[in-house]
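# Analysis of the macromolecular model
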Amino acid sequence: MRRDPTPAYDAVVAGHVRPGRSLLAVLHAVQDDFGYVPDATLASIARAMHLSRAEVYGVLTYYHHFRCQPPARLTIALCRAESCRSMGGEALVAHAEAVTGCKIDAHLHEAVGEAVGEGAEHGDVALESVYCLGQCGQSPAATIDGKVRARLDTARFDRLLAAARAVQAGERDGLRTTSEGEQA
Ligand code: FES
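The structure presented is a predicted model; accordingly, all values stated were derived computationally and were not measured. For every chain, the first residue of its written sequence is number 1, and the numbers climb from 1 along that sequence. This being a predicted model, a pLDDT of at least 70 is required before a residue's local features are given, and a value of 80 or more before pairs of side-chain atoms are given or counted; all residues contribute to the totals for chains, interfaces and linings.

Moving on, we come to the environment of arginine 149. Secondary structure elements follow DSSP: runs of H or I of four or more residues count as helices, runs of E of two or more count as strands, with numbering from the N terminus. Among the structural elements, arginine 149 can be located in strand S4 (residues 147-149). Along the sequence, arginine 149 and leucine 160 sit eleven residues apart, while their C-alpha atoms lie 8.7 Å from each other.

On to the sheet that holds strand S2 (residues 125-130). Strands are labelled as partners when DSSP assigns at least two bridges between them. As summarised here, the arrangement of the four strands in space is S2-S1-S3-S4, forming an open sheet in which the pairing is mixed. In this open sheet, the two edge strands, each paired with only one partner strand, are S2 and S4. This sheet shows a mean twist of 25° between the axes of neighbouring strands, independent of strand direction. Pairing geometry for strand S1 (residues 74-79) and S2, over six bridges, is parallel. Looking at the pairing, isoleucine 76 lines up with leucine 127 of S2. Working definition of a contact: two residues with C-beta atoms, positioned from the backbone, lying within 7 Å. Structural elements are reduced to axes, namely lines fitted to C-alpha atoms, with helices fitted over the stretch in contact, and the angle between N-to-C directions of any two is expressed from 0 to 180 degrees. Against the sheet, helix H6 (residues 89-100) touches S1 and S2, its axis set at about 160° to S1.

Attention now moves to the packing of helix H2 (residues 23-34) against helix H4 (residues 53-62). Interaxial distance between H2 and H4 falls to 11 Å at its minimum, and their mutual angle equals 70°. Between H2 and H4, the angle is such that the two are roughly perpendicular. Judged by the sense of rotation from one axis to the other, the crossing of H2 with H4 is right-handed. Two secondary-structure elements touch here, H2 through Leu23, Leu24 and Leu27 and H4 through Val56, Val59 and Leu60. Classes in brief: Ala, Val, Leu, Ile, Met, Phe, Trp, Tyr, Cys and Pro nonpolar; Asp, Glu, Lys and Arg charged; the others, Gly included, polar. Across the contact of H2 with H4, the residue classes break down as six nonpolar, no polar and no charged. For classification purposes, angles smaller than 35 degrees are called roughly parallel, those larger than 145 roughly antiparallel, those between 65 and 115 roughly perpendicular, and all remaining angles oblique. Crossings are sorted by hand: turned counterclockwise from the far helix by less than a right angle, the near helix makes the crossing left-handed, and turned clockwise it makes it right-handed.

Here is the structure:
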């Protein structure tokens, strides 16, 4: 993933625009490059594809896949499908929002310009909804930093969150830290 803070957006976009290539494909490529679709790329994309900026923005915000802000360092995807709901999944979502200060699916709200509160999307944590992780027999389930975790309750969630944050802090500091090693 590209992390250049001052990228030459026109050049990056030009590398992705080809005859016959769709706007969706270009948006995917830009998001693959940066981890999100920077606002500053919209004008470049519009120019390169002979579209209006409004047309590009409309497609960008229509599809939930696309992010308009840099992703958080730590992503937690909480299952909100039937089995997990019946086992306290929504209470776990409320707990996760309370302890992280984030709003579930904040990136979707931000994409359509809704104010969701400072740090709601791209602080150190992002909360996302997911619909079934194949762990229905061990509900409620979630992924924390990409790892599937099941049989969650608030105490186990807090331990796993603290462990994931510690690992990320260690990575940022260039140190090796160990997680608590819990399995799903
Ligand atoms: S419903 Fe949550 S893991 Fe299947």
